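# Structural overview for review
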Amino acid sequence: MPTNSVETITACEGVFYDDGGVSENYGVNQESTLIIQADTEEKLVIIEFLSFELEEDFDSLYIYDGINTG
């Protein structure tokens, strides 16, 4: 059974990791949603991936630009 989490952060800079943190593997059957919004309307949120890896047929990443997933 998947573990689901939803988190909203308001920031214009920072670092985020999967649920394993900086040094551990991520958990099995995890479904996480991270909503990142700028701290003011005039600012943008820019995401730069320094390291990213997916396991084929098991992992996925969806990125949406807007107020919903549509």
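Above: the structure in question.
Described in the following lines is the structure provided in the data block.

What counts, and where the lines are drawn
- Residues numbered from 1 in each chain as written.
- Predicted model: local features only at pLDDT ≥ 70, side-chain atom pairs only at ≥ 80, totals over all residues.
- Heavy atoms only, no water.
- Helix = DSSP H or I, 4+ residues; strand = E, 2+ residues; numbered from the N terminus.
- Buried < 20%, exposed > 50% of the residue type's maximum accessible area, 1.4 Å probe, protein only.
- Contact = heavy atoms within 4.5 Å.
- Areas by Shrake-Rupley, 256 points an atom, 1.4 Å probe, with all protein chains shown as cover.
- Patch = residues over 30% accessible without salt bridge, like charges linked within 9 Å, V, L, I, M, F, W, Y side chains within 5 Å.
- Salt bridge = Lys/Arg side-chain N within 4 Å of Asp/Glu carboxyl O.
- Phe/Tyr/Trp six-rings, centres within 6.5 Å; stacked < 30°, edge-to-face > 60°.

Time to look at the overall build of the chain. Across its full length, the chain carries zero helices and two strands. Within the chain, buried positions represent 3% of all 70 residues. Look at the contacts in the chain between residues 6 or more apart in sequence, and 69% of them connect residues 24 or more apart. Counting only carbon and sulfur atoms, one obtains 49% of the accessible surface of the chain, whose full area is about 6,900 Å².

What follows concerns a nonpolar patch on the surface. Nonpolar side chains collect at one region of the surface, where F16, L34, V45, I47, F49, F52, L54, L61 and I63 lie side by side and expose about 800 Å² of accessible area between them. Considering the arrangement of structural elements, one finds L34 in strand β2 (residues 30-37). The class for L34 is partly exposed, based on a relative accessible area of 33%.

Going through the model one piece at a time under the given rule, you end up with one aromatic pair. Arranged with centres 5.3 Å apart and planes meeting at 70 degrees, the rings of F49 and F52 form a pair that is edge-to-face. The class of F49 is partly exposed, set by a relative accessible area of 40%. Residue F52 is classed as partly exposed on the basis of its relative accessible area, which comes to 44%.

Our next topic: the pattern of salt bridges. A side chain of one charge can pair with a side chain of the opposite charge when the charged atoms of the two come close. Counted by the stated rule, this structure contains one salt bridge. Residue K43 pairs with D39 through a salt bridge whose shortest N-O separation is 3.6 Å.

Before going further, it helps to examine unusual backbone geometry. A negative phi angle characterises most non-glycine residues, just as the trans form characterises most peptide bonds. Backbone geometry places D57, a non-glycine residue, at a positive phi of 70 degrees. For D57, the position within the fold is in the segment after β2.

Attention shifts here to the environment of K43. Examined against the element boundaries, K43 turns out to sit in the segment after β2. Linking K43 and A11, residues 32 residues apart in sequence, is a C-alpha distance of 9.8 Å.

Okay, the environment of D57 next. Since its relative accessible area comes to 72%, D57 is described here as exposed. In the structure, D57 is positioned 11 residues away from N68 in sequence and 25 Å away in space, judged by C-alpha atoms.

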